[in-house]
Amino acid sequence: LTCFQQKVIHEPMRTGFEVDKDFVPERDMLVAGRFQVEEFLGEAAFSTAIQCKDLASENEKEPDSVCLKIIKNNKDYFDQSLDEI
C-alpha cells in the first residue's frame, strides 16, 4: 500500500449538494490562505488550471508563480485525479 498526504480544501457551509457545486476561482482570490489567483489558464473535461502567486514562498518581494489544478466536484473525476499524482 502507498500513502500520501493530501489537503482537501473546502468552503465552509457548503455540502457539495448545491446545484452549482464546482469551485470557481476569481482574480485576486486567496486560495487555501496561500495562493493568490492571477489568471485562468485553461479548462479540460474534469479540471481547471489557474496561475497563482505562492504568497508563502521564501521570496516575499517576488512570490513564486505556480499552477493549481482544480478538480471538478465529482467522485469519478476525483478518483481519476489521484491516478495523475
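Everything here concerns the structure above.
It should be emphasised that the depicted structure is a prediction, and the values quoted were computed from it without experimental measurement.

Conventions and cut-offs
Residues numbered from 1 in each chain as written. Predicted model: local features only at pLDDT ≥ 70, side-chain atom pairs only at ≥ 80, totals over all residues. Heavy atoms only, no water. Helix = DSSP H or I, 4+ residues; strand = E, 2+ residues; numbered from the N terminus. Contact = heavy atoms within 4.5 Å. Areas by Shrake-Rupley, 256 points an atom, 1.4 Å probe, with all protein chains shown as cover. Lys, Arg positive; Asp, Glu negative; His and termini not counted. Charge placed at Lys NZ, Arg CZ, Asp CG, Glu CD.

Enquirer: Looking at this structure, I do not really get the overall build of the protein chain. What am I missing?
Expert: A count of helices and strands for the protein chain gives one helix and four strands. Counted from the first residue to the last, the protein chain has its helices and strands arranged as β-β-β-β-α. Intrachain contacts of the protein chain at a sequence separation of at least 6 include 29% that bridge at least 24 residues. Surface summary for the protein chain: the accessible area is close to 7,200 Å², and the carbon and sulfur share equals 52%. One way to put it: in the protein chain the 10 positive side-chain charges average out to a point 1 Å from where the 18 negative ones average out.

Enquirer: Can you walk me through the environment of Phe46 in this structure?
Expert: Topologically, Phe46 is positioned in the loop between strand 2 (35–43) and strand 3 (47–54). Remark: the alpha-carbon pair of Phe46 and Ser81, spanning 35 residues in sequence, is separated by 8.6 Å. Sequence-distant contacts of Phe46, defined by excluding residues within four places in its chain, comprise Lys69, Ile70, Ile71, Lys72, Tyr77, Gln80, Ser81 and Glu84.

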